[in-house]
Amino acid sequence: MPPRKRILMSADKSTSWSYAEDLPAEDEVLLHARERSFELGVTPVGPGVGAVLTVLAAASKAQTAVEIGTGAGVSGVCLLRGLGPQAVLTTIDVDVEHLRAAREAFQEAGSPANRTRTISGRAGDVLPRLTDSAYDLVFVDADKPGIPGYVEQAVRLLKRGGLLIINDALDKDRVANPAARDSTTVVLRQVGKSIRDDDRLASAMLPTGDGLLVAVKK
Ligand SMILES: C[S@@+](CC[C@H](N)C(=O)[O-])C[C@H]1O[C@@H](n2cnc3c(N)ncnc32)[C@H](O)[C@@H]1O
């Protein structure tokens, strides 16, 4: 039996997935940021993705990070908690209400104002203004149709050894279902394959949350 078949026949992982998603213990700051997210109609990263973001930010020793899709700051707080004390998070959102809520979350997390640069605008307009090869980490969590363009911008922005992280990369299990052909799923399926095949990147798909695609710029 070819190895791929054996992988497909392995046990149902949903119990372990739910366990892993519930395992991180979130404090009042994150719970409050989640509350604000729901009030604003924003879907924040789940606790599992939040924990992975903190670990990756810390493990990479990133000093400069870009976030595309600030929301009300849940993922930003998780990134800031992994980034070093001198590191700066540049976070972009098209919605000023979301940015205001995120600034409150960063303040409640005890993050000094000079550690975050919040930029209001469409990512497609803002990213081209950021400097080449100046960032250690780029996290993408915004509009799905924009992702192919954000990936190209991220590769330009990242230093060698820098990390690209894309949230919702498995699109609620739809990417894995060949019968799912809606435009968002098709974009995410193509993004996963093009990153896998991109010689500039080494990548892995983590099943955390709705899928977290991580890649390192070689
Ligand atoms: C899923 S939410 C981000 C949640 C956030 N990362 C968190 O975990 O708290 C997506 C965000 O992307 C923003 N957004 C949507 N399209 C955008 C665009 N073209 N440029 C910048 N931000 C955009 C939305 O306003 C929204 O706040």
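The structure we're discussing is the one just above.
Only a predicted model underlies this, so the values are computations on that prediction, with no experimental measurement involved.

J.: Hey, could you run me through the environment of E28 in this one?
T.: Note on placement: E28 falls in helix α3 (residues 28-40). On the accessibility criterion, E28 (62% relative accessible area) is exposed. Counting along the chain gives 78 residues from E28 to F106, while the straight-line C-alpha distance between them is 13 Å.

J.: In this structure, what is going on with the pattern of salt bridges? I would like to understand it.
T.: Note that side chains of opposite charge can pair when their charged atoms are close. Throughout the structure, instances matching the rule amount to 13 salt bridges. Among the ionic pairs, R100 bridges to E97, the shortest N-O distance being 2.6 Å. Placement of both R100 and E97 in helix α6 (residues 96-108) is noted, with a separation of three residues, approximately one turn of the helix. Taking relative accessible area as the criterion, E97 reaches 39% and is therefore assigned partly exposed. Among the ionic contacts, a cluster of salt bridges with common partners joins R36, E104 and E108.

J.: Would you take a moment to explain the side chain of D136 for this structure?
T.: Its place among the elements puts D136 in strand β4 (residues 135-140). Those residues in contact with D136 that lie beyond four places of it in its chain are A62, Q63, T64, L158, K159, G162 and L163.

J.: How should the packing of α3 against α6 be read in this particular structure?
T.: Axes are the key here: two packed helices are described by the angle between their axes and the distance separating the axes. In contact at an axis separation of 10 Å, α3 and α6 are set at 170 degrees when each is read in the N-to-C sense. By the angle between their axes, α3 is roughly antiparallel relative to α6. Across the interface between the two elements, V29, H32, A33, R36 and L40 from α3 touch E97, H98, A101, E104, A105 and E108 from α6. In terms of residue class, the contact of α3 with α6 is built from five nonpolar, two polar and four charged.

J.: Any chance you could explain the sheet that holds β4 here in plain terms?
T.: By way of backbone hydrogen bonds, the strands of a sheet pair with one another, either parallel or antiparallel. Taken in spatial order, the seven strands make up an open sheet running β3-β2-β1-β4-β5-β7-β6, and their pairing is mixed. The two strands at the open ends of the sheet, each matched to only one other strand, are β3 (116-120) and β6 (201-206). Neighbour-to-neighbour, the strand axes of the sheet open up by a mean angle of 15 degrees, direction not taken into account. In the sheet, strand β2 (residues 88-93) pairs with β3 via five bridges, with the strands oriented parallel. Bridge pairing links D93 to S120 in β3. Packed on one face of the sheet, helix α8 (residues 147-157) meets β1 (64-68), β4, β5 (158-167), β6 and β7 (212-217) and runs near 155 degrees to β5.

Rules used in this analysis
Residues numbered from 1 in each chain as written. Predicted model: local features only at pLDDT ≥ 70, side-chain atom pairs only at ≥ 80, totals over all residues. Heavy atoms only, no water. Helix = DSSP H or I, 4+ residues; strand = E, 2+ residues; numbered from the N terminus. Buried < 20%, exposed > 50% of the residue type's maximum accessible area, 1.4 Å probe, protein only. Salt bridge = Lys/Arg side-chain N within 4 Å of Asp/Glu carboxyl O. Contact = heavy atoms within 4.5 Å. Axes fitted to C-alpha atoms, helices over the stretch in contact; angles between N-to-C directions. Parallel < 35°, antiparallel > 145°, perpendicular 65-115°, else oblique. Nonpolar A, V, L, I, M, F, W, Y, C, P; charged D, E, K, R; others polar. Pairing = 2+ DSSP bridges.

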